[in-house]
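Fold and contact review
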Amino acid sequence: ATPAATMVGSTISAKNGVLFKGGDILERVREVDAVVFDKTGTLTEGEMQLTDVVPLDSHRPDGGAVTTPAVDETYVLSAAASAEAGSEHPLGQAIVAGAKERAIDVTEPTEFENVPGKGVTATTDHGEVLVGNRKLLEDRGVDTAPASETMAELEAEGKTAMVVAVDGAVVGVVATADTVRESATETVAALTERGYDVFMLTGDNERTAHAVAAEVGIPEANVRASVLPDEKADVIDAIQADGTHAMMVGDGVNDAPALTTANIGVAIGSGTDVAIEAADVTLMRSDPADVLKALRISQATISKVW
Ligand code: ADP
Ligand code: MG
């Protein structure tokens, strides 16, 4: 684009709440043929609510049942929330908020480790507590079988289910739910109608991801789930391997490498600073529908040049 045309594009878009970092970006946006959405915080609002606390009758590795203290809802939530007390992850914060709403004791852990893409491990009043996905428990040699059925049921509802283990044995499952953003479904439909290939990329598990994908109309074959934070960029590389020009839309610290790797990185305005810095475009209103606006603006601006 000529400098003048570029300026027109940037001005129009700023008024619309779509910020382009530089003029050449408009031209690159025009080449996009696939749009990859992060799930949590992008297609969904990212405001997780604790929905379920399920105590599970599990057994110690030595074969003895977990009987003292009694494994009930209060115990499971208290253990999970105490492990997550210092967590900066939205899932951890939802667990802590849920415990406080239910007037359940939350104590500070003496030791705490955040395991990216998997969960947390902590030493609390309850013992050695793990809260996270199957990968976390498998890493630590904890048998996830007692939690399988409950996890599957909750995930089929589109919830993020997390196993809670104390001293090497499963004591329960907690789950959170998130709300799909209002315009997500119509945006996916409009993009598909205009011929864009639409993908979903998430660290969340397959079952939850497929439930959300089905809700917004993203084909099952285009869902990339259980992706570890440092693998998100590789997924973009794989999508672009055949010459596809991908636009990645994300909000999290985890999404930054993928935003950089994609031909065009788009950050959700309410997202993290790290994502906004890594991106070429920022959607100030945090509305996925503005992806369409960005695509339209680039088409209109570039055609004016000729
Ligand atoms: P996303 O890509 O959806 O932002 P993350 O990569 O941050 O997700 O996390 C992937 C998965 O790891 C979560 O769905 C959850 O199962 C687990 N996990 C991550 N952080 C935590 C935490 N603080 N507590 C429990 N589970 C967690
Ligand atoms: Mg996210």
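Small disclaimer: the values here were computed from a predicted structure and weren't measured. (Residues numbered from 1 in each chain as written. Chains lettered and ligands numbered in written order. Predicted model: local features only at pLDDT ≥ 70, side-chain atom pairs only at ≥ 80, totals over all residues.)

A word on the packing of helix H4 (residues 73-83) against helix H5 (residues 90-101)
Look at H4 against H5: their axes get within 8 Å of each other, and the N-to-C directions meet at 130 degrees. Comparing their axes, H5 and H4 come out oblique. Note that H4 runs across H5; the crossing there is left-handed. Only Ile95, Val96, Gly98 and Ala99 of H5 make contact with H4, whose side of the interface consists of Leu77, Ser78, Ala80 and Ala81. Here the residues of the contact of H4 with H5 are counted per class, giving 6 nonpolar, 2 polar and no charged. (Axes fitted to C-alpha atoms, helices over the stretch in contact; angles between N-to-C directions. Helix = DSSP H or I, 4+ residues; strand = E, 2+ residues; numbered from the N terminus. Parallel < 35°, antiparallel > 145°, perpendicular 65-115°, else oblique. Left-handed = near helix turned anticlockwise from the far one by under 90°. Contact = placed C-beta atoms within 7 Å. Nonpolar A, V, L, I, M, F, W, Y, C, P; charged D, E, K, R; others polar.)

What to know about the environment of Ala177
Its place among the elements puts Ala177 in strand S8 (residues 169-177). On a C-alpha basis, the gap between Ala177 and Thr208 in space is 10.0 Å, while along the polypeptide they are 31 residues apart.

Section: the sheet that holds strand S10 (residues 223-224)
Strand order in this open sheet of 7 strands is S1-S13-S12-S11-S2-S9-S10, and the pairing throughout is mixed. Looking at which strands have only one partner, the edges of the open sheet turn out to be strand S1 (18-20) and S10. As defined by bridge partners, strand S12 (residues 264-268) adjoins strand S13 (residues 281-283) across 3 bridges and the pair is classed as parallel. Bridge pairing in S13 links Ile268 to Leu283. (Pairing = 2+ DSSP bridges.)

Some remarks on the domain arrangement of the protein
When the parts come together, some accessible area is lost, and that loss is often what is quoted as the size of the interface. Per the domain assignment, the segments making up the protein are domain 1 (3-46 + 179-305) and domain 2 (49-177). Counting from both sides, the interface comprises 11 residues of domain 1 and, opposite them, 11 residues of domain 2. Looking at the side of domain 1 that touches domain 2, its residues break down into 4 nonpolar, 4 polar and 3 charged. (Domains from an automatic or database assignment.)

A closer look at the site of ligand 1
In the vicinity of ligand 1 lie 22 residues, with His89, Gly92, Gly119, Asn133 and Gly203 positioned nearest. Contributing elements (two or more residues each) for the shell around ligand 1: helix H3 (39-43), H5, strand S5 (119-124), strand S6 (127-132) and strand S7 (160-166). Among the residues making up the shell around ligand 1, the classes are represented as 5 nonpolar, 13 polar and 4 charged. (Near = placed C-beta within 6 Å.)

Let's talk about helix H7 (residues 148-156)
Within H7, burial applies to Met151, Leu154 and Glu155. Viewed along the axis of H7, the buried residues span an arc of 100 degrees, placing them on a single side of the element. Residues of H7 that are exposed and angled more than 90 degrees away from the buried face: Glu149 and Ala152. Buried residues along H7 sit against strand S3 (49-55), S7, S8 and helix H9 (206-216). Trailing H7 by a residue or two, Gly158 shows a phi angle of about 85 degrees, which is positive. (Buried ≥ 20, exposed ≤ 12 C-beta atoms within 10 Å, placed from the backbone. Arc of directions from axis to C-beta.)

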